[in-house]
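Fold and geometry: a report
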Amino acid sequence: KPLVLGSSSHPDIYPAEQVSSDSFVCPDQYQLKFIFGSSALQALDLVDQRSVTCVSSPSGRKAFQVAGGSGRLYTCFLSCHYCPCPAFAYTVLRRNGGLLCKHLLAVYLCQAMAVTQQDSVSDQQMSALLSGTSAR
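Being a predicted model, the structure only gives us computed values, none of them experimental.

Checked against the element boundaries, Thr53 lands in strand 4 (residues 52-56). Here Thr53 falls in the partly exposed class, since its relative accessible area comes to 21%. Sequence separation between Thr53 and Ala67 is 14 residues, and the spatial gap between their C-alpha atoms is 8.7 Å. For Thr53, the residues in contact, after removing those within four places along its chain, are Ala63, Phe64, Gln65, Thr116, Gln117, Gln118 and Asp119.

Following this line, the structure appears as structure tokens:
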């Protein structure tokens, strides 16, 4: 049975029958937790808070910015499956202890549920973003 994520200030999970106009259906949280571990619920929290933005430029470049729980902005890249957060570096790359960090999982979930925020920037702004010289 799918669950619905509400958009209140404290993210709650409601039964599908209680869908309101400002909520959206997400995959079963227990399945996500089984596959992705503790990062699943943290990612759902980021989705509920609308923390994922797809930044695109006229040349077709795309990056995803995720506002982490601490307020820090992480620029994630789906094309190479990368996030600059410490959890990705340690858990995914170094320890090989997980598939994704919560930021990348939130991006994938937002894309699957079509709830990603959208933002357009110039090619020059995108170049600065990709080179790490600009924080949006």
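Back to the text.
Turning to unusual backbone geometry, a few remarks are in order. The backbone phi angle of Arg50 is positive, close to 55°, even though this residue is not glycine. Residue placement: Arg50 occurs in the loop between helix 2 (39-48) and strand 4. Looking at Arg50, the relative accessible area reads 30%, which means it is partly exposed. We note that His81 has phi near 55°; this positive angle belongs to a residue other than glycine.

This brings us to the packing of helix 2 against helix 4 (residues 102-113). At a minimum axis separation of 8 Å, helix 2 and helix 4 run at an interaxial angle of 55°. Relative to helix 4, the element helix 2 lies oblique. Regarding helix 2 and helix 4, the two cross each other, and that crossing is right-handed. For the pair helix 2 and helix 4, contact is made by Ser39, Ala40, Gln42, Ala43, Leu44, Leu46 and Val47 and by Lys102, His103, Leu105, Ala106, Leu109, Cys110 and Met113, respectively.

What follows deals with the packing of aromatic side chains. Tallying each qualifying case throughout the model produces one aromatic pair. Relative to Phe88, the ring of Tyr82 has its centre 5.7 Å away and its plane inclined at 85°; by these criteria the two rings are edge-to-face. Residue Tyr82 is classed as partly exposed on the basis of its relative accessible area, which comes to 34%. For Phe88, a relative accessible area of 2% translates into the label buried.

Another aspect to go through is a nonpolar patch on the surface. Together, Phe34, Ile35 and Leu99 make up an exposed nonpolar region whose accessible area comes to about 380 Å². Of the residues examined, Leu99 reaches a relative accessible area of 51% and is grouped as exposed.

What follows deals with the UniProt feature "domain: SWIM-type" (unreviewed entry) in the protein chain. Mapped onto this structure's residue numbering, the UniProt feature "domain: SWIM-type" (unreviewed entry) falls at residues 74-112. For the annotated span residues 74-112, helix accounts for 51% and strand for 8% of the residues, and the straight-line distance between the end C-alpha atoms is 20 Å.

When pLDDT is averaged along the protein chain, the result is 78; 75% of the residues meet or exceed 70. For the protein chain, strand 2 (residues 13-15) is the element with the lowest average pLDDT, namely 39, and strand 4 is the one with the highest, namely 96. Below a pLDDT of 50 lies the segment residues 1-21, which in the model reaches 43 contacts outside its immediate sequence neighbourhood of four places, other chains included.

The topology assignment puts Phe77 in the loop between strand 6 (73-76) and helix 3 (86-94). C-alpha separation for the pair Phe77 and Lys62, spaced 15 residues apart in sequence, amounts to 7.9 Å. Filtering out sequence-adjacent residues up to four positions away, Phe77 remains in contact with Lys62, Ala63, Tyr82, Leu104 and Leu130.

Conventions adopted
- Residues numbered from 1 in each chain as written.
- Predicted model: local features only at pLDDT ≥ 70, side-chain atom pairs only at ≥ 80, totals over all residues.
- Heavy atoms only, no water.
- Helix = DSSP H or I, 4+ residues; strand = E, 2+ residues; numbered from the N terminus.
- Buried < 20%, exposed > 50% of the residue type's maximum accessible area, 1.4 Å probe, protein only.
- Contact = heavy atoms within 4.5 Å.
- Axes fitted to C-alpha atoms, helices over the stretch in contact; angles between N-to-C directions.
- Parallel < 35°, antiparallel > 145°, perpendicular 65-115°, else oblique.
- Left-handed = near helix turned anticlockwise from the far one by under 90°.
- Phe/Tyr/Trp six-rings, centres within 6.5 Å; stacked < 30°, edge-to-face > 60°.
- Patch = residues over 30% accessible without salt bridge, like charges linked within 9 Å, V, L, I, M, F, W, Y side chains within 5 Å.
- Areas by Shrake-Rupley, 256 points an atom, 1.4 Å probe, with all protein chains shown as cover.
- Salt bridge = Lys/Arg side-chain N within 4 Å of Asp/Glu carboxyl O.
- UniProt positions renumbered as here; feature names shortened; annotations may be inferred.
- pLDDT = per-residue confidence, 0-100.

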